[in-house]
Amino acid sequence: MLVSSKPSLADSSSLSSRSFISPVQLTGHTSSKGNPSRSSSVTPIHCNLRELRERIDSVKNTQKITEAMKLVAAAKVRRAQEAVVNGRPFSETLVEVLYSINEQLSTEDVDVPLTKVRPVKKVALVVVTGDRGLCGGFNNNIIKKAEKRIAELKNLGLDYTVVSVGKKGNSYFTRRPYIPVDKFLDGTALPTAKEAQAIADDVFSLFISEEVDKVELLYTKFVSLVKSDPVIHTLLPLSPKGEICDINGTCVDAAEDELFRLTTKEGKLTVERDVVRTETVDFSPILQFEQDPVQILDALLPLYLNSQILRALQESLASELAARMSAMSSATDNAVELKKNLSMVYNRRRQAKITGEILEIVAGAEALI
Amino acid sequence: MTLNLCVLTPNRIVWDSEVKEIILSTNSGQIGVLPNHAPIATAVDIGILRIRLTDQWVTMALMGGFARVGSNEITVLVNDAERGSDIDPQEAQQTLEIAEANLRKAEGKRQTIEANLALRRARTRVEAINANAVIS
């Protein structure tokens, strides 16, 4: 018995060398469409049957987790969308009022602190990132965008400071002390007016105290569930005309800058892609202004600033969740494939072992005769 | 004639129903609005809003914004609105104390602006609670 057990080991290993070829072929197959880093993790299937079984189990568990995360993200996307819908009556009324007041003010020369265009010496960048990882390139993309913008500003010889929103951005900027950060703010699970207010207060005081002359908001714009773009949006100075240039007439806006426009014909003011067509007819023509129109505009613009920031936070959250959803769904797909490959190897190995054992028994029986 | 009040914040609709009368803190002082008020547009300061239902008054802390009155329809757009009865008195008092301390410590133009705003917000919330207590 002892003697026979030895060749059986040798046999199975020689047989398994044949099954070695198949994983290599399989990985060669997957690496052509998947990422090469994963194929390198598949190649070393030198482990024995039990280890293989454990690996299959762990892949199964990971798959369950990623699948659950995907479902959770999907549910949260719906909630984020609801939040946007809840905020709609506010933004619609705001747009309507702003539009009509702007019409009334278009003949006058308005001087509101928030719209004051100064020569730009220092720019504040509000960078909106997520709180958690495992969402593909979401956080990286926005941080890369911020880095690019910082480099651009440096080339223009402008000073800059960063207001970081979200844990991922915070940890990134704390690790890089050479980037001046004005404030770290934490994002939350669901952005509310309070968070937007905190950011608005900060940029408001930065701008009004003339510490900075321009405030830009960097966030991820939600296009669809599979597409989102990091964008730069000028927050301050708010421009009632639409174009933002400094006093010297030089435009320091980023090329793809989305501008705040108060004077569009359809009354569409928000970042929303779905056009909000608000009826402005019910706005009474004999409306009296309790205060100076300028003062009223002064009260309205912070509101607008706030809703703008809130919208950006909501969009950023929606993009983060969407990014997580797609990242997790591809992770699940990968896990399924890996599981398939591993179980194929496992089954081959098991078959080989059985074959080896049968061969041994037959050989042993033949030797006895 | 009935008067309809609608208080909107970026998050939600805080109030959307019929009222008898409201007193609104505007930038140029408090104004009362009764049914059939002339259409006006006004900036709303950080301050309290008093609402009269049939026989009781409700107070609300408003965090600055804008109001429009027209054809028995009042629309108030504010950054944040809280009902006096929903505010935790202890927490509000603490926030007020912190805000006062911050203002004393504030250095430079920017910090003073921030501290002043925070103080006014905190004070309004405490006022809203007190007004609520007096009425009920």
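Use the structure listed above.
Residues numbered from 1 in each chain as written. Chains lettered and ligands numbered in written order. Predicted model: local features only at pLDDT ≥ 70, side-chain atom pairs only at ≥ 80, totals over all residues. Heavy atoms only, no water.

Help me get a handle on the interface of chain B and chain A, residues and values and all.
Taken together, the 31 residues of chain B in the interface contact 40 residues of chain A. Approximately 2,900 Å² of surface area, both sides summed, lies buried where chain B meets chain A, with 61% of it carried by carbon and sulfur atoms. There are two salt bridges connecting chain B and chain A. Taking the shortest distance from any N to any O, the salt bridge between E114 of chain B and K183 of chain A comes out at 4.0 Å. For the pair chain B and chain A, the interface holds three residue pairs in polar contact (both at pLDDT 80 or more). Broken down by secondary-structure element, the contributors of at least two residues to the side of chain B that touches chain A are β5 (40-52), β6 (57-70), β7 (73-78) and α2 (108-135) of chain B. Broken down by element, the side of chain B that touches chain A gets its largest block of residues, six residues, from α2 of chain B. Its residues assigned to classes, the side of chain B that touches chain A comprises 14 nonpolar, 10 polar and seven charged. (Contact = heavy atoms within 4.5 Å. Buried area = accessible area lost by both parts, 1.4 Å probe. Salt bridge = Lys/Arg side-chain N within 4 Å of Asp/Glu carboxyl O. Polar contact = N/O pair within 3.5 Å; in protein donor to acceptor, adjacent residues only side chain to side chain. Helix = DSSP H or I, 4+ residues; strand = E, 2+ residues; numbered from the N terminus. Nonpolar A, V, L, I, M, F, W, Y, C, P; charged D, E, K, R; others polar.)

Describe the packing of aromatic side chains, naming the residues involved and giving the relevant values.
All names here are of chain A. In the structure shown here, the tally under the stated rule is one aromatic pair over all chains. When the ring of Y172 is compared with that of F173, the centres are 5.3 Å apart and the planes differ by 90 degrees; the resulting orientation is edge-to-face. For the pair Y172 and F173, a shared accessibility class is recorded, and that class is buried. A cation sits over an aromatic face here: R118 above F207, 4.5 Å from the ring centre. The side chain of R176 reaches across the aromatic face of Y172, ending 3.8 Å from its centre. (Phe/Tyr/Trp six-rings, centres within 6.5 Å; stacked < 30°, edge-to-face > 60°. Buried < 20%, exposed > 50% of the residue type's maximum accessible area, 1.4 Å probe, protein only. Lys NZ or Arg CZ within 6 Å of the ring centre and 35° of its normal.)

Summarise empty space enclosed by the protein; cite the residues concerned and give the values.
Unoccupied space between atoms shows up once a probe the size of one water molecule is rolled over them. Taken as a whole and judged by the stated rule, the model has four cavities of 30 Å³ or more. What the largest cavity holds in volume is close to 60 Å³. What lines the largest cavity is simply A83, V84, G87, F90, S91, S307, L310, R311 and Q314 of chain A together with P10 of chain B. For the lining of the largest cavity, the secondary-structure elements that each account for two or more residues are α3 (49-86), α4 (88-105) and α8 (293-368) of chain A. Of all the elements, α8 of chain A adds the most residues to the lining of the largest cavity, at four residues. Tallied by class, residues from the lining of the largest cavity come to five nonpolar, four polar and one charged. (1 Å grid on protein atoms, 1.4 Å probe; cavity = no way out; pocket = protein on both sides within 12 Å on 5 of 7 lines; lining within 4 Å. Points joined across faces, edges and corners; volume = space filled by probe spheres on them.)

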